Every structure is written in C-alpha cells, then in structure tokens.
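Chain by chain, the residues:
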Amino acid sequence: MKQDITIENLYDLSHTIAAPLLESLTWPWEALPLIEGFIRHMGPLLPQEEFDHPQEDVWIARDAHVYPSACIHGPAIICSGAEIRHCAFIRGKAIVGRDCVVGNSTELKNVILFDNVQVPHYNYIGDSILGFHAHMGAGSITSNVKSDKRLVVVHDPEGEIETGLKKFGAMIGDNTEVGCNSVLNPGTVLGRNCIVYPTTSVRGCIPEKHIVKAPGVICARDDRN
C-alpha cells in the first residue's frame, strides 16, 4: 500500500507546472514546505508574453479569467485558462494549473492544483495537492491541522508514516471525486479514480479505484457502484 501513495502512483506529472519539484520527491507531502520557494524560483522564468506579473511574487496567465472581486496574494502562479471566480481568496503559496476553476468563496493556501482541477463552491483547500481532473463538491474541505495540534501522521495499512508536519491537509490522486460537504481529515491520501460520497468524513489512505460511502464503509469501484 505504501507504494500506492507515492507521487509516482498518485499523479501524472505531465499535467502540472510543478513537475520539476515533484519529480525529485517520493511522498507528495514532502513538497508542502517547498511550494513557496518553488514559486519564487519558477515565476521569473515564465514567458513574459504569456504571463502578467501584477504584483510581487504573483504571476497570472494572460488568458486566465480572474474576477475583480477575487483576492490573490503571493507567492502564486495562475496558469493558462484558469478561472478565479467571485470572492475567491488565494492566500499565497498556491499553484493553480491550466483550466482550473477556483470558485465562489473558495480559499487556497499552500497548495498545488494540477491541471483541470475544480474547487468551485465554498471549498477550503489548505496544505494539499490535488491531482489532474480532481473535483471537490460544494462545501467539501481539507482539514489541515489536528485538533490536538500534534504533528500529522499518515495512517497506512502497512504502518504509520511520520511526516514531521503540523499542517497537512490531503493528497488527492488524479481523477478523484469528493462529494459535497465532505471533510478530508489531516493526513488523508486518496488514490486515483476514487469517489467520496457527500457528507463523508475521511481519514487514512484510500486505495485507487475505491468508493468511500461512509466512515469505514469502503468498496472497490466498478460501473455498477
């Protein structure tokens, strides 16, 4: 199972501008403390004919659509075709991939969104990585700090993995769907092509192509589920 939650098995790196950062690592959460520095290094290297640089440490693709009411703090990179909607709040240390949707009242902090990710309605995404074509339903969030404020541990069936991180939301694999008003608890890892039913609290590691129907109720995914 531990092999299943590596970067190699969760993500197709051809779908993110952050590939040079991620390809040098094993566990996806290892990237979280490095996002800020990567953006500051990568931003000045982006093509000036394709990206505006409206403020310090913020680079926005010229064909991205940013609503006037959205708030973007650096460091941040907003890639081509992305849509940053009304009252979205990007707090910084955020990479928003190509053709992503960051929606009404959604907040991002210390995140990598691969291309085509949708977080379109009232979402909080903090200290997390969302893979290609991942989708968060309305009101679903990543909880990134434990209630007891202890360091986050990834609970893998083969044994716990110490992360050394106090803030760690969720690692979400490519093409995974999280239903409305669900909560991904600190240290959650969802494999590729998973489905989380609405209003579900999720923790631990969920293998690829599985459905989380309720806490502790998990089954393999097929077209009949």
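Residues numbered from 1 in each chain as written. Predicted model: local features only at pLDDT ≥ 70, side-chain atom pairs only at ≥ 80, totals over all residues. Heavy atoms only, no water.

This part covers the packing of aromatic side chains. This model, assessed by the stated rule, comprises three aromatic pairs. Through successive ring pairs, a cluster of aromatic residues spans Trp-27, Trp-29 and Phe-168. (Phe/Tyr/Trp six-rings, centres within 6.5 Å; stacked < 30°, edge-to-face > 60°.)

Before going further, it helps to spend a moment on the environment of Lys-167. Following the sequence through the fold, Lys-167 ends up in the loop between β16 (159-165) and β17 (170-172). Given a relative accessible area of 42%, Lys-167 falls into the partly exposed group. When the C-alpha positions of Lys-167 and Ala-70 are compared, they lie 25 Å apart, and in sequence the two are 97 residues distant. In this view, Lys-167 contacts Leu-32, Lys-109, Asp-127, Asn-144 and Val-145; residues no more than four positions away in its chain are not counted. (Helix = DSSP H or I, 4+ residues; strand = E, 2+ residues; numbered from the N terminus. Buried < 20%, exposed > 50% of the residue type's maximum accessible area, 1.4 Å probe, protein only. Contact = heavy atoms within 4.5 Å.)

Before going further, it helps to spend a moment on unusual backbone geometry. The step from Gly-74 to Pro-75 runs through a cis peptide bond, and the omega angle for that step is 0 degrees. Considering the arrangement of structural elements, one finds Pro-75 in the loop between β4 (71-72) and β5 (76-78). Not every positive phi belongs to a glycine, and Tyr-122 is a case in point at roughly 55 degrees. Within the secondary structure, Tyr-122 is located in the loop between β11 (118-121) and β12 (124-130). A positive phi angle, close to 65 degrees, is found at Lys-149, a residue other than glycine. Residue position: Lys-149 is located in the loop between β14 (141-142) and β15 (152-156).

Here the focus is helix α3 (residues 35-42). Turning to α3, its buried residues are Ile-35, Phe-38, Ile-39 and Met-42. In a view along the axis of α3, the buried residues occupy a sector of 100 degrees, so they form one face of it. Where α3 is buried, its residues contact α2 (19-22), β2 (58-61), β5, β8 (94-96) and β10 (107-113). (Arc of directions from axis to C-beta.)

Moving on to the side chain of Ser-182. For Ser-182, the location among the structural elements is in the loop between β18 (177-178) and β19 (183-184). We classify Ser-182 as buried; its relative accessible area is 0%. A polar contact is formed between the side chain of Ser-182 and the backbone oxygen of Gly-179, at a distance of 3.1 Å. Of the polar contacts made by the side chain of Ser-182, one reaches the backbone nitrogen of Thr-200; its length is 3.2 Å. The residues touching Ser-182, leaving out its near neighbours within four places in the chain, are Gly-139, Ser-140, Ile-141, Val-196, Tyr-197, Pro-198, Thr-199 and Thr-200. (Polar contact = N/O pair within 3.5 Å; in protein donor to acceptor, adjacent residues only side chain to side chain.)

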